[in-house]
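Take a look at the letters that make up each chain.
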Amino acid sequence: MLTHVWGLLTHPKSEWGHIEDEHETVTHLYAHHVFTLAAVPVICAYIGTTQVGWGFGGEHAFIKLDLLSALYAGIAFYIAILAAVFLVGNVIYWMAHRFRKPPSRRRCVIFAGYIATPMFLSGLVAVYPMVWLCLLAGIVGLCISAYLLYLGIPYFLGISSEQGFIVSSTTLAVGVLVLEGLLAVTVMIWGYGEVLLPWLFRF
C-alpha cells in the first residue's frame, strides 16, 4: 500500500515504469492508494476545523465546526475528492481517444490517481486551516502534479511527446478548474458546514 508515493516524489520517471509494469486495476488503485491518500486532507481538515477553526488569519474571526457537522463535511469532501480523480481520468481518456492507439479508460484513471498524489499530500496543511495557507499548499501541490503529468503522460499512456503535450495541457487546465471547484467546496462545507450540512443530511 502506498508503495509509489516516495518514488513519484523523488524519481518519478523510473517510478512510472514500475507502476506500468504492475498492470494495476482501477479497483486496486482506489483500494491501495486513492482511498488512503484522499483521507489525508479530510482528516486534517476535520482536526483543523474542530480544534483551530477555519479563517483568514489576523484579526478575522475563526469559524469552528462542531464534531457532527465536521463529520458531515468530511464525508462530503471525501466523496468530492474521489469523484474528482475519476473525472480527471475520464478527461485524459477523452483527450487521448483521438489518437491512433488510445489508452484504455483504466490506464487513464490510474494515471490520474497517481498524479493527484502531491495534491493529496498538500492537504496536510489543513490541520491549521488558514485560507491563504491552504491556497498556497494547493498551488505547490498542483505544480508538482503538473510536473508528474508532463513527465509521465507520453510514457505511461503510450503516446508521443507532442501528443502528450496536448493532452497534458488540457488535463492541467481541467485540473485547475477541478482544484478551484474543490477549494470552493472546501470553503462552503468547512466554513459554513454547521449551517448547510445538517440541512443536507436531514433526509
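Cut-off values and rules
Here the residue numbering is sequential within each chain, running from 1 through the sequence in written order. Local features in this predicted model are restricted to residues of pLDDT 70 or higher, and side-chain atom pairs are both shown and tallied only at a pLDDT of 80 or more, whereas totals for entire chains, interfaces and linings draw on every residue. The basis for the side-chain values is all heavy atoms of the structure; hydrogens and waters are excluded. Under the scheme applied here, a residue whose accessible area is under 20% of the maximum for its type counts as buried, over 50% as exposed, and between as partly exposed, the area being computed with a 1.4 Å probe on protein chains only. In this text, helices come from DSSP runs of H or I with a minimum length of four residues, and strands from runs of E with a minimum of two, each type numbered from the N-terminal end. Whether two residues are in contact is decided by their heavy atoms: any pair within 4.5 Å suffices. Here a helix's expected span is defined as the number of its residues, less one, multiplied by 1.5 Å. A residue's bend is the angle separating two fitted axes: one through the seven residues that end there, the other through the seven that start there. Here, the term nonpolar core denotes a set of buried Ala, Val, Leu, Ile, Met, Phe, Trp, Tyr and Cys residues that are joined through side-chain atoms within 4.5 Å. Should a side-chain nitrogen of Lys or Arg be within 4 Å of a carboxyl oxygen of Asp or Glu, the pair is scored as a salt bridge.

**Here we look at helix α2 (residues 12-22)**
Here is step 1 of the chain: Inspection of α2 places Pro12, Glu15, Trp16, Gly17, Ile19 and Glu20 among the buried residues, and these make up the whole buried set.
Here is step 2 of the chain: Where α2 is buried, its residues meet α1 (5-10), α5 (105-115) and α7 (131-156).

**Details of helix α3 (residues 26-52)**
Here is step 1 of the chain: Helix length check: α3, at 27 residues, gives a terminal C-alpha distance of 36 Å against a target of 39 Å (1.5 Å per residue), a fit within 8%.
Here is step 2 of the chain: Taking the largest bend as the criterion, α3 deviates by roughly 40°, centred on valine 34.
Here is step 3 of the chain: Where α3 terminates, the next one or two residues include glycine 53, which has phi positive at roughly 110°.

**A word on the nonpolar core**
Here is step 1 of the chain: The biggest cluster of nonpolar side chains holds 41 residues, and the ones touching the most others in it are Trp16, Ile92, Phe111 and Phe120.
Here is step 2 of the chain: Where this core is concerned, the elements lending two or more residues are α1, α2, α3, α4 (67-96), α5, α7 and α8 (161-191).
Here is step 3 of the chain: For this core, the leading source of residues is α4, giving 10 residues.
Here is step 4 of the chain: Residues within four places of tryptophan 16 in sequence aside, it is in contact with Leu8, Phe111, Tyr114, Ile115, Leu148, Leu151, Gly152, Tyr155 and Phe156.

**A short note on the pattern of salt bridges**
Here is step 1 of the chain: The full count for this structure, using the stated rule, is 1 salt bridge.
Here is step 2 of the chain: For the salt bridge of glutamate 20 with arginine 107, the shortest nitrogen-to-oxygen distance reads 2.7 Å. In this pair, glutamate 20 is assigned in helix α2 and arginine 107 in helix α5, connecting sequence segments 87 residues apart. For the pair glutamate 20 and arginine 107, one class covers both residues: buried.

**Concerning the side chain of threonine 117**
Here is step 1 of the chain: Tracing the chain through its elements places threonine 117 in helix α6 (residues 117-122).
Here is step 2 of the chain: Sequence-distant contacts of threonine 117, that is, excluding residues within four places in its chain, are made with Val5, Leu8, His33 and Leu37.

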